[in-house]
Amino acid sequence: MVSKYEGQKIDFINRRIISSSYFCPKHVFSKTSTSTLTFFQDPCSSHRPLRFMQITAVLLAAVPLGTAWRAGWGRPGSAQAGGGRHFACWRCGNWKSEVMAGKPKLYYFDGRGKMESIRWLLAAAGVEFEEKFLETREQYEKLLQSGSLLFQQVPLVEIDGMKMVQTRAILNYIAAKYNLYGKDLKERALIDMYVGGTEDLMGFILMFPFLSAEDKEKQRAVIVQKATSRYFPVYEKVLKDHGQDFLVGNSFSWADVHLLEAILMVEEKKSDVLSSFPQLQAFKRRISSIPTIKKFLEPGSQRKPVPDDKYVETVRRVLRMYYDIKAN
């Protein structure tokens, strides 16, 4: 039944790359490329059970940004059985099937809030995800009763068999998983610093939809003032000083994604806010043109619009936020 895989090339475009795969030791690679692999029998005649075998670093290094191939492994099986992943050794007939982890599932409101940065990062990595919107208090209480909300709050993200809460922990995991978190500890430290800055700036914007009309005008002025005097000058200088396209290590990272998100959010409060920041203007154009980002910015994507009254009412009702929020 499994002998049909002997000597065949496995199409990596039409067969999904997954996180792990089982190979009999008799399976070795005779060719590596970004799209196909050829398997052949090695000289050993002993019969050993299935075990893990990693694709060579040559393949991993060649895999394009933003695909599941980056950290992928090969699968010499077919999806004919459906609903899982299937592995087979053509030489000895050993085979194994597993349930395949699905797309990340996001539990939040149908709006930006703290989940929006998670959507941005998944989209930047080219990862498809599903969303479960909270619309009623009953849905929220069901999550509470299930124990999924460790600290009794959303966002909640189901990913790789985990139920993750705490926005920063979720973002750290996604960034590391999809190679958007630098190549060493020093780069990660820089990314953390820059993300921390944009996170602080976004904090002034997060509460904006929940303010009164009078407080919104005050907060708008605060947002623009903080952006132009405290935060944007830092990133402008970083880009000017190292003369590179990206914030850290001259490679696309979480820091770039977060900064672009923050820029666009501030521009919604003042459209010409970057007029005095030529480096950030060029940065915005570059990052916006990255294919995965460009797709996320197009109409019809899972990017959420500016929060409206319906979003505010839903959040207040579900979380029972029956109190006033003041401008910061």
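Refer to the structure above for everything that follows.
Bear in mind that the values here come from a model prediction, so they are computed numbers and not experimental data.

Novice: What am I meant to see in the overall build of the protein chain here?
Specialist: If you tally the helices and strands in the protein chain, you get 10 helices and 11 strands. For the protein chain, buried positions account for 46% of its 328 residues. Restricting the contact set of the protein chain to residue pairs at least 6 apart, pairs at least 24 apart contribute 65%. For the protein chain, the accessible area works out to roughly 16,700 Å², and carbon and sulfur atoms hold 53% of it.

Novice: How do you make sense of the packing of helix 6 (residues 213-242) against helix 7 (residues 254-267) when you look at a structure like this?
Specialist: Axes are the key here: two packed helices are described by the angle between their axes and the distance separating the axes. At a minimum axis separation of 11 Å, helix 6 and helix 7 run at an interaxial angle of 150°. Between helix 6 and helix 7, the angle falls in the class roughly antiparallel. By crossing handedness, the relation of helix 6 to helix 7 is classed as left-handed. Residue-level inspection shows Ile-223, Ala-227, Phe-232 and Tyr-235 of helix 6 in contact with helix 7, the latter providing Leu-259, Ile-263 and Val-266. Partitioning the contact of helix 6 with helix 7 into residue classes produces seven nonpolar, no polar and no charged.

Novice: Mind showing me how you'd approach the environment of Arg-168 here?
Specialist: Residue position: Arg-168 is located in helix 4 (residues 167-177). Considering only alpha carbons, one finds Arg-168 and Gly-196, 28 residues apart in sequence, at a separation of 9.8 Å. Residues contacting Arg-168, with those up to four places away along its chain left out, are Asp-192, Val-195, Gly-196, Glu-199 and Trp-254. A polar atom in the side chain of Arg-168 sits 3.4 Å from the side chain of Asp-192.

Novice: What is the right way to read the pairing of strand 8 (residues 105-108) from this model?
Specialist: The side chains of a regular strand alternate between both faces of the sheet. In terms of strand pairing, strand 8 meets strand 9 (residues 130-133) through four bridges, oriented parallel. Within strand 9, the position partnered with Lys-105 by the bridge is Glu-130. One crossover worth recording links strand 8 to the parallel strand 9 by way of helix 2 (residues 116-124), and it is right-handed.

Novice: How should the environment of Lys-177 be read in this particular structure?
Specialist: Turning to its location among the elements, Lys-177 is positioned in helix 4. For Lys-177, a relative accessible area of 27% gives the class partly exposed. The contact partners of Lys-177, leaving out residues within four places of it in the chain, are Ile-159 and Asp-160.

Analysis parameters
Residues numbered from 1 in each chain as written. Predicted model: local features only at pLDDT ≥ 70, side-chain atom pairs only at ≥ 80, totals over all residues. Heavy atoms only, no water. Helix = DSSP H or I, 4+ residues; strand = E, 2+ residues; numbered from the N terminus. Buried < 20%, exposed > 50% of the residue type's maximum accessible area, 1.4 Å probe, protein only. Contact = heavy atoms within 4.5 Å. Areas by Shrake-Rupley, 256 points an atom, 1.4 Å probe, with all protein chains shown as cover. Axes fitted to C-alpha atoms, helices over the stretch in contact; angles between N-to-C directions. Parallel < 35°, antiparallel > 145°, perpendicular 65-115°, else oblique. Left-handed = near helix turned anticlockwise from the far one by under 90°. Nonpolar A, V, L, I, M, F, W, Y, C, P; charged D, E, K, R; others polar. Polar contact = N/O pair within 3.5 Å; in protein donor to acceptor, adjacent residues only side chain to side chain. Pairing = 2+ DSSP bridges. Right-handed = clockwise from strand over helix to strand, strands pointing away.

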